[in-house]
Amino acid sequence: FPHLIDLAARNPERLKLVALSSDFDDAGMDRFISRLNRDIPANMLIARDAEGAITRGVFKTYQLPETFIYGRDGQLIKKIIGADWTVQDVEALLR
């Protein structure tokens, strides 16, 4: 997750990042964010999806974490299941 924050911070004009938390309460999500000890860039939104309405209902996520990369046209470029990716992989998709 820290890599996503860094990626968003380095690409403010090319990247909008939405992170969904599956924590059941705001306190759990806030603890996680504060432990990161990083500023959240303006082009990144972190929201809580405790009920899974977005995670499961919209994105059909079945294993966390999952990363979705969309183009400027709103079309899905890549879905990555798990944490098996590098910042370089994602930056290559942004080009």
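See above for the structure.
Residues numbered from 1 in each chain as written. Predicted model: local features only at pLDDT ≥ 70, side-chain atom pairs only at ≥ 80, totals over all residues. Heavy atoms only, no water.

## Regarding the pattern of salt bridges
Next up, step 1: Tallied over the full model, the rule gives four salt bridges.
Next up, step 2: The salt bridge involving aspartate 26 is made with arginine 48; its shortest N-O contact spans 2.7 Å. A residue pair is termed long-range when its members are at least 10 positions apart, and aspartate 26 in helix H2 (residues 26–36) and arginine 48 in strand E2 (residues 44–48) qualify at 22 residues.
Next up, step 3: The residue lysine 79 makes a salt bridge to glutamate 66 at a minimum N-O spacing of 3.6 Å. Linking lysine 79 in strand E4 (residues 76–81) with glutamate 66 in strand E3 (residues 66–70), this pair joins segments that are 13 residues apart in sequence.
Next up, step 4: Judged by its relative accessible area of 33%, lysine 79 falls in the partly exposed class.
Next up, step 5: Of the residues examined, glutamate 66 reaches a relative accessible area of 13% and is grouped as buried. (Salt bridge = Lys/Arg side-chain N within 4 Å of Asp/Glu carboxyl O. Helix = DSSP H or I, 4+ residues; strand = E, 2+ residues; numbered from the N terminus. Buried < 20%, exposed > 50% of the residue type's maximum accessible area, 1.4 Å probe, protein only.)

## Remarks on the layout of surface pockets
Next up, step 1: Of the voids in this model, the largest pocket is the one considered here, and its volume is about 1,300 Å³.
Next up, step 2: Lining the largest pocket we find 39 residues, and of these Leu4, Leu17, Val18, Glu66 and Thr67 sit closest to its centre.
Next up, step 3: Of all the secondary structure elements, the ones that give two or more residues to the lining of the largest pocket are helix H1 (2–10), strand E1 (17–21), H2, E3 and helix H3 (87–94).
Next up, step 4: Looking at the lining of the largest pocket residue by residue, the classes come out as 24 nonpolar, eight polar and seven charged. (1 Å grid on protein atoms, 1.4 Å probe; cavity = no way out; pocket = protein on both sides within 12 Å on 5 of 7 lines; lining within 4 Å. Points joined across faces, edges and corners; volume = space filled by probe spheres on them. Nonpolar A, V, L, I, M, F, W, Y, C, P; charged D, E, K, R; others polar.)

## Things to note about unusual backbone geometry
Next up, step 1: For the peptide bond that leads from leucine 64 to proline 65, omega is 0 degrees, which places it in the cis range.
Next up, step 2: Following the sequence through the fold, proline 65 ends up in the loop between E2 and E3.
Next up, step 3: Here the phi dihedral of asparagine 37 falls at roughly 55 degrees; this positive angle occurs in a residue that is not glycine.
Next up, step 4: Its location among the elements puts asparagine 37 in the loop between H2 and E2.
Next up, step 5: By relative accessible area, asparagine 37 is classed as exposed at 70%.
Next up, step 6: If you check the backbone angles, lysine 60 has positive phi at about 55 degrees while not being a glycine.
Next up, step 7: If you trace the backbone, lysine 60 turns up in the loop between E2 and E3.

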